[in-house]
Amino acid sequence: MSNDATEANARPAGADAGPLGYLALGLTLLAYGLLSTGLLDGAGVKDAVSLAHLVGGLTLFVAGLWQLRAGEGFTGTAFTSLGAFWAVWSGAGGAGKNAAGLFLLLWALLALSLTLASWNANGLLGRAVYGLFSVSLLLGAVAAFADSGGLGKVAGWVAAASGLAAWYWATATLTNSGGGLRALPVR
């Protein structure tokens, strides 16, 4: 068998799904976070379910598979696992407080692993995205166990901050990718 098939499937330069993944993560975290805060009258977390399922779940998962195929182990692992998180979260509407708390606590551990793994590789923005997401999930778990709406709102604000960091990271990567111009600082 020749190498023609391998060459045909070779990843072209610049075909990075990282910005797509961080945009999907950022948009989903922003929607989830802001809707958790009660900031928008008449809207709540349940209103983020479709976005979480399609953008957070499907788009992140596909971007993660793309990254894994390209040999990007960290972002591939982060995006596929977080895509699974959002897909499951969007379908878990009637979970009791203990089940929801345990779910969020376990995912907080995964987010903490991603935070630690990003420490040297991804600079301040990586630590901000995954660190804030870890804190948000931990606060959300405690809020679920304690049935505390106030703590849930704090978790929402932290999730929104994580979403802004992810969105900024993706925007900076996209705007800085052409012509050597550094429009937005990344590190």
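None of the values given here were measured: they were computed from a predicted structure.

A short note on the overall build of the protein chain
Part 1 of the argument: Helix and strand counts for the protein chain stand at seven helices and zero strands.
Part 2 of the argument: Reading the secondary structure of the protein chain in the N-to-C direction produces α-α-α-α-α-α-α.
Part 3 of the argument: A buried classification covers 40% of the 187 residues belonging to the protein chain.
Part 4 of the argument: Partitioning the contacts of the protein chain with sequence separation of at least 6, the portion at a separation of at least 24 is 66%.
Part 5 of the argument: Accessible surface, the protein chain: about 9600 Å² in total, of which carbon and sulfur atoms supply 67%.

Things to note about the packing of helix α2 (residues 18–37) against helix α4 (residues 73–91)
Part 1 of the argument: The N-to-C vectors of α2 and α4 enclose an angle of 35°; their axes lie 11 Å apart at closest approach. The two elements α2 and α4 cross, and the hand of that crossing is left-handed. Contacts between α2 and α4 involve G18, G21, Y22, L25, T28, L29 and Y32 on the former and, on the latter, F74, T75, F79, L82, W86 and W89.
Part 2 of the argument: Each residue belonging to the contact of α2 with α4 can be placed in one class, and the counts come to nine nonpolar, four polar and no charged.

Rules and cut-offs
Residues numbered from 1 in each chain as written. Predicted model: local features only at pLDDT ≥ 70, side-chain atom pairs only at ≥ 80, totals over all residues. Heavy atoms only, no water. Helix = DSSP H or I, 4+ residues; strand = E, 2+ residues; numbered from the N terminus. Buried < 20%, exposed > 50% of the residue type's maximum accessible area, 1.4 Å probe, protein only. Contact = heavy atoms within 4.5 Å. Areas by Shrake-Rupley, 256 points an atom, 1.4 Å probe, with all protein chains shown as cover. Axes fitted to C-alpha atoms, helices over the stretch in contact; angles between N-to-C directions. Left-handed = near helix turned anticlockwise from the far one by under 90°. Nonpolar A, V, L, I, M, F, W, Y, C, P; charged D, E, K, R; others polar.

By themselves, these figures tell us nothing about what the structure is for.
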